[in-house]
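# Per-entry structural report
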Amino acid sequence: MNFQNIGYYFHEVFLSMIRKRWMTFASIGTVTVSLFVLGVFLILVMNMAKMAAALESQVQISAYLVDGLTPENRAEIERMTKDLASVAKVEYVTKEQALKTLEARLGEQRKILDALGDSNPLPNYFLVTVKSADDVKKTAAAIADLYGVEEVKYGQDVADNLFDLTHLVRVFGGVLMVILALATVFIISNTIRLTVFARRKEIAIMKYVGATDSFIRWPFVLEGILLGFIGGSISAIILRSFYSAVTKKIYATLAFFPLVEQYPFMNYLTLGLIISGMLVGILGSTVSLRKFLEV
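What comes next is a walk through the structure. Fair warning: this is a prediction, and the values are worked out from it, not measured in the lab.

Summing up its helical and strand segments, the protein has nine helices and four strands in all. Helices and strands in the protein line up, N terminus first, as α-α-β-α-β-α-β-α-β-α-α-α-α. Taking all 295 residues of the protein together, the buried fraction comes to 37%. Pairs at least 24 apart in sequence give 84% of the contacts found in the protein among residues at least 6 apart. On the protein, roughly 17,600 Å² of surface is accessible, and the fraction owed to carbon and sulfur atoms is 64%.

Written as structure tokens, this is what we have:
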């Protein structure tokens, strides 16, 4: 860019936008709607991934102990379990605590436990939380081999189905985002192409009188950047208000629902939308001009 012509470039940009105010409005509207839809789907995908991660984190391993273990044996099992690299947390649950938990889960049906009398058939056990859902199987197998561990359970069938579901959510979300991003670039680029097409005679005349490609190109590129910036900014403002209202509504009824926190997520999304709008504006202007510069 020749910096001596910056004033001319910006004068041409604003003059073009004023002359074609309806085309300018349509271009900004297209950028805004396209990036808004893209932002909504990004929010959905990120929250689906957050919920998937929350479900995976709730998968825990129950290591049931044989009766009659000495405190030393139990401490050794706990130490060896904590030493596993994949283990995040180990909690010891006594048979008395397990019985109280069972009574709470049974609710009004807890009376069926009266048949047990003073006996408690439940075993002591360790409740193990792993760092990653992918480590559940191998961690469970390692704990099962420890002396004094009678049985290990982690809801194998449920866990396998859950991991398949969360993997599908991530893959589907990623593919959807790529497709939607490409569609957004296509729509915005074609909208900017209409602006260039409307000025094709002007571009041809400038070429005939000796204007360089760079001299012709920069006003269109700057116009594309400005249109993308305005459209991206508007879509970001609407999305911030939209997400704020949605999160307040959900938290009012489901206080512990795993949503992506507004900050810094929305700050990153705002920056991403504005930059995306500007990049698409540059891309759309550059691609659209190529044909008309070949005079």
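Continuing now.
Its 12 residues give helix 3 (residues 71-82) an end-to-end C-alpha distance of 16 Å, which sits within 8% of 16 Å, the value for a rise of 1.5 Å per residue. Residues of helix 3 that are buried include every one of I77, E78 and T81, and no others. Around the axis of helix 3, the buried residues are gathered within 95° of arc, so they sit on the same side. On its buried face, helix 3 is in contact with strand 1 (60-65), strand 2 (87-93), strand 3 (125-130), helix 5 (136-144) and strand 4 (149-153).

A word on the sheet that holds strand 1. As summarised here, the arrangement of the four strands in space is 2-3-1-4, forming an open sheet in which the pairing is antiparallel. If you trace the sheet from one side to the other, it starts and ends with strand 2 and strand 4, each paired once. Across the sheet, the axes of successive neighbouring strands diverge by a mean angle of 20°, strand direction being ignored. With five bridges joining them, strand 1 and strand 3 adopt antiparallel strand pairing. In the sheet register, Q60 faces strand 3, and the bridge partner there is T129.

Turning our eyes to something else, we now look at the packing of helix 1 (residues 6-19) against helix 8 (residues 213-253). Where helix 1 meets helix 8, the axes come as close as 9 Å, and the angle between the chain directions of the two elements is 60°. Looking at the two axes, helix 1 sits oblique to helix 8. Handedness of the helix 1/helix 8 crossing: right-handed. For the pair helix 1 and helix 8, contact is made by Y8, Y9, F10, E12, V13, F14, S16 and M17 and by S214, F215, W218, P219, L222, E223, L226, L227 and I230, respectively.

With that settled, the discussion passes to the packing of aromatic side chains. Here the distance between the centres and the angle between the planes together describe a pair of aromatic rings. In total, this model carries six aromatic pairs according to the counting rule given. Between W22 and F25 the ring centres are 6.4 Å apart and the planes differ by 85°, which places this aromatic pair in the edge-to-face class. Of the two residues, W22 and F25 are both situated in helix 2 (residues 21-57); the distance of three residues between them amounts to about one turn of the helix. Of the two residues, W22 and F25, both sit in the exposed class. Ring geometry for Y92 versus F126: centroids 5.3 Å apart, planes at 50°, classification tilted. One end of the pair, Y92, is in strand 2; the other, F126, is in strand 3, with 34 residues separating them in the sequence.

Next up on the list: unusual backbone geometry. A cis amide bond links Y263 with the next residue in sequence, P264, at an omega value of 10°. With respect to the helices and strands, P264 occurs in helix 9 (residues 262-292).

Roughly 170 Å³ of internal volume is contained in the second largest pocket. Every residue lining the second largest pocket is counted, 13 residues in all, and those nearest its centre are I43, L44, N47, Y243 and V246. Going through the elements one at a time, helix 2 and helix 8 are the ones with two or more residues in the lining of the second largest pocket. Considering every element that reaches the lining of the second largest pocket, the biggest residue donor is helix 2, with six residues. For the lining of the second largest pocket, the residue count by class is 11 nonpolar, two polar and no charged.

What counts as what
- Residues numbered from 1 in each chain as written.
- Predicted model: local features only at pLDDT ≥ 70, side-chain atom pairs only at ≥ 80, totals over all residues.
- Heavy atoms only, no water.
- Helix = DSSP H or I, 4+ residues; strand = E, 2+ residues; numbered from the N terminus.
- Buried < 20%, exposed > 50% of the residue type's maximum accessible area, 1.4 Å probe, protein only.
- Contact = heavy atoms within 4.5 Å.
- Areas by Shrake-Rupley, 256 points an atom, 1.4 Å probe, with all protein chains shown as cover.
- Expected span 1.5 Å × (residues − 1).
- Arc of directions from axis to C-beta.
- Pairing = 2+ DSSP bridges.
- Axes fitted to C-alpha atoms, helices over the stretch in contact; angles between N-to-C directions.
- Parallel < 35°, antiparallel > 145°, perpendicular 65-115°, else oblique.
- Left-handed = near helix turned anticlockwise from the far one by under 90°.
- Phe/Tyr/Trp six-rings, centres within 6.5 Å; stacked < 30°, edge-to-face > 60°.
- 1 Å grid on protein atoms, 1.4 Å probe; cavity = no way out; pocket = protein on both sides within 12 Å on 5 of 7 lines; lining within 4 Å.
- Points joined across faces, edges and corners; volume = space filled by probe spheres on them.
- Nonpolar A, V, L, I, M, F, W, Y, C, P; charged D, E, K, R; others polar.

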